[in-house]
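# What the coordinates show
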Amino acid sequence: MPQGAWWFGGWIINVQAESETVVGCTALSCHFGKVVAVDGISFEVRAGERFALLGPNGAGKSTTLQMLITMLRPTAGQAQVLGFDVTREAAAVRAAIGVVFQEPALDDRLSARENLEMHAALYRLPRRGRKMQIAEALEWASLSDAAKRPVSTFSGGMKRRLELSRALMHGPKVLFMDEPTQGLDPQGRQHLWERIESLKSAGLSTFMTTHYLQEAETCDRVGIIDHGKMIALGTPEELKRETLGDSGGTLEEVFLKLTGRALRDEEATPRARMLSFARKGGEHTR
Ligand SMILES: Nc1ncnc2c1ncn2[C@@H]1O[C@H](COP(=O)(O)OP(=O)(O)OP(=O)(O)O)[C@@H](O)[C@H]1O
Ligand SMILES: [Mg+2]
């Protein structure tokens with residue numbers, strides 16, 4: 001893969017050498033009181049790679065992602081993003097990454113354009129060219145015609161496209177996405193997934209969590225986490241071979257074989273239950 005800049009839909013993404021590690025963590029842990037959310041996990045994401053973290057509800061996926069994006073401080077262990085330590089060099093990490101959160105993180109009262117303007121101001125994108133960049137971001141998200149509408153009137157798919165487009169606006173080198181397609185209908189999911197796929201050919205490294213096994217199948221490498229521990233790591237093909245043997249099977253079979261069939265709902269904390277309620281359309285005070 002070539003080094004240097006790549007012109008992509010109005011954004012320039014730096015393409016790094018494939019062998020380079022863009023995310024690395026060693027014995028990373030996070031405890032919430034007595035709850036061990038992440039328990040000493042180690043893995044790396046290489047440049048240009050699409051890495052998926054799979055796991056049942058409450059397995060520790062979001063907690064892992066939040067430590068990598070510097071929103072949560074690890075209780076133990078280390079993590080680096082693009083060579084910057086997530087604890088000691090948090091500002092440098094934040095400047096270099098894009099994030100799509102599990103919970104919607106748009107201002108519903110503002111229009112799509114205003115949400116992007118706010119992001120451009122927060123990231124101090126040069127004033128010259130901002131208007132053009134915002135227009136391109138709206139175009140990429142197929143939202144040019146809805147640019148002036150308040151986000152509160154958007155469908156789930158429109159909001160997700162806007163969030164993804166916003167996360168890319170400042171030209172991140174690594175993109176973190178926490179269940180980006182969750183809650184979308186098959187059309188919305190397909191639409192968003194096509195955009196995510198196009199990022200790979202532009203050389204962007206992505207770290208994502210997902211519950212959709214078909215999406216994980218198309219990723220370069222997959223980590224399976226359960227009860228805070230990384231229980232399997234490899235390409236989808238490697239995981240199938242190692243877990244199911246030569247007869248093969250699907251990633252879903254691998255997932256169920258490794259994590260069991262028991263429902264995890266009972267284990268959800270009050271906070272997790274509240275967020276799940278909100279996701280299904282309920283309201284709560286943030
Ligand atoms: N702020 C918090 N305070 C207390 N416990 C928490 C907090 N955040 C997460 N947890 C707990 O840590 C564990 C891991 O949660 P996490 O949100 O990382 O799981 P997840 O794999 O992202 O699950 P889901 O698929 O439901 O999004 C769960 O037991 C959860 O209830
Ligand atoms: Mg989560």
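Computed from a predicted structure; not experimentally measured. (Residues numbered from 1 in each chain as written. Chains lettered and ligands numbered in written order. Predicted model: local features only at pLDDT ≥ 70, side-chain atom pairs only at ≥ 80, totals over all residues.)

From N to C terminus, the protein chain includes 10 helices and 12 strands. For the protein chain, the proportion of contacts with a sequence separation of at least 24, taken over those separated by at least 6, is 66%. (Helix = DSSP H or I, 4+ residues; strand = E, 2+ residues; numbered from the N terminus. Contact = placed C-beta atoms within 7 Å.)

This part is about helix α4 (residues 130–140). Inspection of α4 places Ile134, Ala137, Leu138 and Trp140 among the buried residues, and these make up the whole buried set. Angular distribution of buried residues about the axis of α4 spans 165°; they occupy a single face of the element. Opposite the buried face of α4, at more than 90 degrees from it, the exposed residues are Lys131 and Met132. Buried-residue contacts for α4 involve α3 (112–122) and α5 (156–168). Looking at the residues trailing α4, positive phi occurs at Ser142, about 55°. (Buried ≥ 20, exposed ≤ 12 C-beta atoms within 10 Å, placed from the backbone. Arc of directions from axis to C-beta.)

Through backbone hydrogen bonds, the strands of a sheet pair up, either in parallel or in antiparallel fashion. Strand order in the open sheet formed by 6 strands is β8-β9-β10-β5-β11-β12, with mixed pairing between adjacent strands. Both outer strands of the open sheet, β8 (97–100) and β12 (229–234), are each paired with one neighbouring strand and no more. Pairs of neighbouring strands in the sheet enclose a mean axial angle of 15°, with direction left out of account. With respect to the sheet, α5 is in contact with β8 and β9 (174–178), its orientation differing from that of β8 by roughly 170°. (Pairing = 2+ DSSP bridges. Axes fitted to C-alpha atoms, helices over the stretch in contact; angles between N-to-C directions.)

What follows deals with the environment of Gly40. Structurally, the position occupied by Gly40 is in strand β4 (residues 35–46). Separated by 11 residues in the primary sequence, Gly40 and Ser29 have C-alpha atoms spaced 4.8 Å apart. Filtering out sequence-adjacent residues up to four positions away, Gly40 remains in contact with Ala27, Leu28, Ser29 and Gly77.

If you check α5, its first and last C-alpha atoms are 19 Å apart, about what 13 residues at 1.5 Å a residue would give, namely 18 Å. Burial runs high along α5: 10 of the 13 residues are buried. Among the residues of α5, those classed as buried are Lys159, Arg160, Arg161, Leu162, Glu163, Leu164, Ser165, Arg166, Ala167 and Leu168. (Expected span 1.5 Å × (residues − 1).)

The subject of this paragraph is the pairing of strand β6 (residues 76–81). Two elements, strand β3 (residues 21–32) and β6, share 5 bridges in a ladder whose sense is antiparallel. Bridge pairing in β6 links Ser29 to Ala76. Here 2 bridges tie β6 to strand β7 (residues 84–85), and the two strands are oriented antiparallel to one another. Looking across to β7, one finds that Val81 is bridged to Phe84.

On to the packing of helix α8 (residues 236–244) against helix α9 (residues 251–259). To describe two helices that pack against each other, one gives the angle between their axes and the distance between the axes. At their nearest, the axes of α8 and α9 sit 9 Å apart, and the two run at 50° to each other. Taken together, the axis directions place α8 and α9 in an arrangement best described as oblique. Crossing geometry of α8 relative to α9 is assigned as left-handed. Counted together, Pro236, Leu239, Lys240, Thr243 and Leu244 of α8 and Leu251, Glu253, Val254, Lys257 and Leu258 of α9 form the full contact between these two elements. Taken together, the residues that form the contact of α8 with α9 break down as 6 nonpolar, 1 polar and 3 charged. (Parallel < 35°, antiparallel > 145°, perpendicular 65-115°, else oblique. Left-handed = near helix turned anticlockwise from the far one by under 90°. Nonpolar A, V, L, I, M, F, W, Y, C, P; charged D, E, K, R; others polar.)

Right, let's talk about the sheet that holds β7 for a bit. Strand order in the open sheet formed by 4 strands is β4-β3-β6-β7, and the pairing between neighbours is antiparallel. Only two strands of the sheet have a single partner each, and these edge strands are β4 and β7. For β3 and β4, the ladder comprises 9 bridges, and the chain directions are antiparallel. Within the sheet, the bridge partner assigned to Val23 lies in β4 and is Val45.

Moving on to the packing of α3 against α4. Packing of α3 against α4 leaves a shortest axis separation of 10 Å and a crossing angle of 130°. When the interaxial angle is binned, α3 and α4 end up oblique. Between α3 and α4 lies a crossing whose hand is right-handed. Each of Ala112, Arg113, Leu116, Glu117 and Ala120 in α3 lies in contact with α4, whose residues at this interface are Arg130, Gln133, Ile134, Ala137 and Leu138. Tallied by class, the residues present in the contact of α3 with α4 amount to 6 nonpolar, 1 polar and 3 charged.

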